[in-house]
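Coordinate inspection notes
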Amino acid sequence: MSVNTCRLRSLLIFLFSSANKCLLKVATYAAQLEQYPKAIEIYEQVGTHAMDSTLLKYSAKDHFFKAALCHFCVDTLNANLAVRKYEEMFPAFSDSRECKLLKVGCGVILDLKSTNEQKHRIIH
């Protein structure tokens, strides 16, 4: 590789990294403002790009975890479906602590909803 090619490659990596940092800030602010669909979209976009990069693939699970948390804020059923989707897209996510926590959380919330529905039926 020529020196100019190496410099161009370094510049592109720097620009891509800076753009991702900005996008992640936007996603964080969107989540704080309860604009969960926007935050989910950004976290999934950055996570998808990260899983394709040998240098960034370890951060993909964090982005998918944050996207799933935003899904939880909207709807637990969608959160459960999102976790499954992330596992299919990025098999390494399945073995992560984040994924295991999400699965336990989904299970607990769905169990609570089921219990509450049963109590509601008995009362009425």
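As a reminder, the structure under discussion sits directly above these lines.
Now for a description of the structure that goes with this document.

The rules behind the values
- Residues numbered from 1 in each chain as written.
- Predicted model: local features only at pLDDT ≥ 70, side-chain atom pairs only at ≥ 80, totals over all residues.
- Heavy atoms only, no water.
- Core = buried A, V, L, I, M, F, W, Y, C linked by side-chain atoms within 4.5 Å.
- Buried < 20%, exposed > 50% of the residue type's maximum accessible area, 1.4 Å probe, protein only.
- Helix = DSSP H or I, 4+ residues; strand = E, 2+ residues; numbered from the N terminus.
- Contact = heavy atoms within 4.5 Å.
- Salt bridge = Lys/Arg side-chain N within 4 Å of Asp/Glu carboxyl O.
- Expected span 1.5 Å × (residues − 1).
- Arc of directions from axis to C-beta.
- Polar contact = N/O pair within 3.5 Å; in protein donor to acceptor, adjacent residues only side chain to side chain.
- Phe/Tyr/Trp six-rings, centres within 6.5 Å; stacked < 30°, edge-to-face > 60°.
- Axes fitted to C-alpha atoms, helices over the stretch in contact; angles between N-to-C directions.
- Parallel < 35°, antiparallel > 145°, perpendicular 65-115°, else oblique.
- Left-handed = near helix turned anticlockwise from the far one by under 90°.
- Nonpolar A, V, L, I, M, F, W, Y, C, P; charged D, E, K, R; others polar.

Quick word on the nonpolar core
- Phe-64, Cys-70, Tyr-86, Phe-93 and Leu-102 are the most contacted members of the largest nonpolar core, which totals 27 residues.
- Only α1 (3–32), α2 (36–51), α3 (57–74), α4 (76–89) and α5 (97–123) provide two or more residues apiece to this core.
- Broken down by element, this core gets its largest block of residues, 8 residues, from α2.
- Those residues within four positions of Phe-93 in sequence are excluded, and the remaining contacts are Lys-61, Phe-64, Phe-65, Val-83, Tyr-86, Glu-87, Glu-98, Cys-99 and Leu-102.

Some thoughts on the pattern of salt bridges
- A full pass over the atoms with the stated rule returns 4 salt bridges.
- Put simply, Asp-62 and Lys-61 hold a salt bridge, and the shortest N to O gap is 3.8 Å.
- Classification of Asp-62 as partly exposed rests on a relative accessible area of 32%.
- Overall, Lys-61 belongs to the partly exposed group, its relative accessible area being 24%.
- Between Glu-98 and Lys-61 there is a salt bridge; the shortest N-O distance is 3.3 Å. A residue pair is termed long-range when its members are at least 10 positions apart, and Glu-98 in helix α5 and Lys-61 in helix α3 qualify at 37 residues.
- Classification of Glu-98 by relative accessible area gives buried; the value is 14%.
- Connected through salt bridges with shared partners, the residues Lys-61, Asp-62 and Glu-98 form a single ionic network.

What to know about α4
- When the terminal C-alpha atoms of α4 are compared, their 20 Å separation across 14 residues agrees well with the 20 Å that a helix rising 1.5 Å per residue should span.
- For α4, the set of buried residues is Thr-76, Ala-79, Asn-80, Ala-82, Val-83, Tyr-86 and Glu-87. Each buried residue of α4 sits inside an arc of 160 degrees when the element is viewed along its axis, so together they form one side.
- Near the N-terminus of α4, the side chain that reaches the backbone nitrogen of Leu-77, with its oxygen 3.1 Å away, is that of Asp-75.

So, the packing of aromatic side chains
- Overall, the coordinates contain 4 aromatic pairs when judged by the stated rule.
- On the numbers, 6.3 Å between centres and 55 degrees between planes, the contact of Phe-64 with Phe-90 is tilted. Of the two residues, Phe-64 sits in helix α3 while Phe-90 sits in the loop between α4 and α5, which places them 26 residues apart along the sequence. In terms of burial, Phe-64 and Phe-90 fall into one category: buried.
- Every member of this aromatic cluster is reached through a ring pair, and the members are Phe-64, Tyr-86, Phe-90 and Phe-93.

Description of α3
- Taking 1.5 Å of rise per residue, 18 residues should cover 26 Å, and α3 covers 27 Å from first to last C-alpha, within 8% of that figure.
- Turning to α3, its buried residues number three or more, namely Ala-60, His-63, Phe-64, Phe-65, Ala-67, Ala-68, Cys-70, His-71 and Phe-72.

Topic: the packing of α2 against α3
- Direction vectors running N to C along α2 and α3 enclose 160 degrees, while the axes themselves pass 8 Å from each other. One element, α2, and the other, α3, form an angle in the roughly antiparallel class. As for the relative orientation of α2 and α3, their crossing is left-handed in sense. Residues Tyr-36, Ala-39, Ile-40, Tyr-43, Glu-44, Val-46, Gly-47, Thr-48, Ala-50 and Met-51 of α2 pack against Lys-57, Ser-59, Ala-60, His-63, Phe-64, Lys-66, Ala-67, Cys-70, His-71, Cys-73 and Val-74 of α3.
- Partitioned by chemical class, the residues of the contact of α2 with α3 number 13 nonpolar, 5 polar and 3 charged.

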